[in-house]
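Breakdown of the fold
Chain residues, written in single-letter form:
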Amino acid sequence: MNTKIILTILTSLIATAAFALDAPPVGSAAPDFSLADAKGKTHSLSQYKGKYVVLEWFNPECPFVKKHYGSGNMQKLQEEYADKGVVWLTIDSNAPGSEGNLSPEQAEKIITA
């Protein structure tokens, strides 16, 4: 097996195990984080304290994402729950330079489509 693949898998397993060891207890507040949106505005999880927040991990190359967005199913869910005061944050789940990663311009195009 390719050494690079083995190292990648091993690194992934170690990172997953390390994260799992530090998992917050059920019922406790989620760890805070901040990310910039497609327009450059920073959003922090803590700014939505007291609200229900959906974190949607989005990959435009994923067949399941294509299915649910192509059918309008996901947009209907977003609208339904936003109308109930739920904060819906769609997060590009791909690292910069990897397949499926979106530039701010590409993200804006998808959002407005």
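Scope of this entry: the structure provided in the associated data block. Since this is a predicted model, take the numbers as computed values, not measurements.

**Regarding the overall build of the protein**
Within the protein, the secondary structure is distributed over four helices and four strands. Ordered by position in the sequence, the α and β elements of the protein form the string α-β-β-β-α-α-β-α. Counting the 113 residues in the protein, one finds 19% classified as buried. Taking the intrachain contacts of the protein between residues at least 6 apart in sequence as the baseline, contacts between residues at least 24 apart amount to 49%. Put simply, the protein shows about 8,800 Å² of open surface, and 62% of that area lies on carbon and sulfur atoms.

**Here's the deal with the side chain of Glu 56**
Inspection of the secondary structure assignment puts Glu 56 in strand β3 (residues 53-58). We note that Glu 56 is buried and unpaired, the nearest opposite charge coming from Lys 67 at a distance of 14 Å. Those residues within four positions of Glu 56 in sequence are excluded, and the remaining contacts are Tyr 69, Met 74, Gln 78, Trp 88, Leu 89, Thr 90 and Ile 91.

**Brief notes about the pattern of salt bridges**
In total, this model carries one salt bridge according to the counting rule given. Lys 84 is the partner of Glu 80 in a salt bridge, and the nearest nitrogen-oxygen pair spans 3.5 Å. Under the relative-accessibility criterion, Glu 80 is labelled partly exposed at 36%.

**Details of the environment of Phe 58**
Looking at the secondary structure, you find Phe 58 in strand β3. Counting along the chain gives 34 residues from Phe 58 to Asp 92, while the straight-line C-alpha distance between them is 4.9 Å.

**What to know about the packing of aromatic side chains**
Here the structure, examined in full by the defined rule, presents one aromatic pair. Look at Phe 58 and Tyr 69: their rings are 5.2 Å apart centre to centre, the planes differ by 85 degrees, and that puts the pair in the edge-to-face class. Placement of Phe 58 in strand β3 and of Tyr 69 in helix α2 (residues 63-70) is noted, with a sequence separation of 11 residues between them. Considered together, Phe 58 and Tyr 69 belong to a single accessibility category, that of buried residues. Lying across the ring of Tyr 81, Lys 84 places its NZ or CZ 4.9 Å from the centre.

**Regarding the side chain of His 43**
Secondary-structure assignment places His 43 in strand β2 (residues 42-44). Polar contacts involving the side chain of His 43 include one to the side chain of Asp 37, which spans 2.9 Å. Setting aside residues up to four positions removed in sequence, His 43 forms contacts with Phe 33, Ser 34, Leu 35, Asp 37 and Tyr 48.

**Observations regarding the pairing of strand β4 (residues 87-92)**
In β4, alternate side chains face the same way, and those of Val 87, Leu 89 and Ile 91 are buried while those of Trp 88, Thr 90 and Asp 92 on the opposite face are not. With six bridges connecting them, β3 and β4 associate as parallel partners. Each bridged residue has a counterpart across the sheet, and for Val 53 the counterpart in β4 is Val 87.

Cut-offs applied
- Residues numbered from 1 in each chain as written.
- Predicted model: local features only at pLDDT ≥ 70, side-chain atom pairs only at ≥ 80, totals over all residues.
- Heavy atoms only, no water.
- Helix = DSSP H or I, 4+ residues; strand = E, 2+ residues; numbered from the N terminus.
- Buried < 20%, exposed > 50% of the residue type's maximum accessible area, 1.4 Å probe, protein only.
- Contact = heavy atoms within 4.5 Å.
- Areas by Shrake-Rupley, 256 points an atom, 1.4 Å probe, with all protein chains shown as cover.
- Lys, Arg positive; Asp, Glu negative; His and termini not counted.
- Salt bridge = Lys/Arg side-chain N within 4 Å of Asp/Glu carboxyl O.
- Phe/Tyr/Trp six-rings, centres within 6.5 Å; stacked < 30°, edge-to-face > 60°.
- Lys NZ or Arg CZ within 6 Å of the ring centre and 35° of its normal.
- Polar contact = N/O pair within 3.5 Å; in protein donor to acceptor, adjacent residues only side chain to side chain.
- Pairing = 2+ DSSP bridges.

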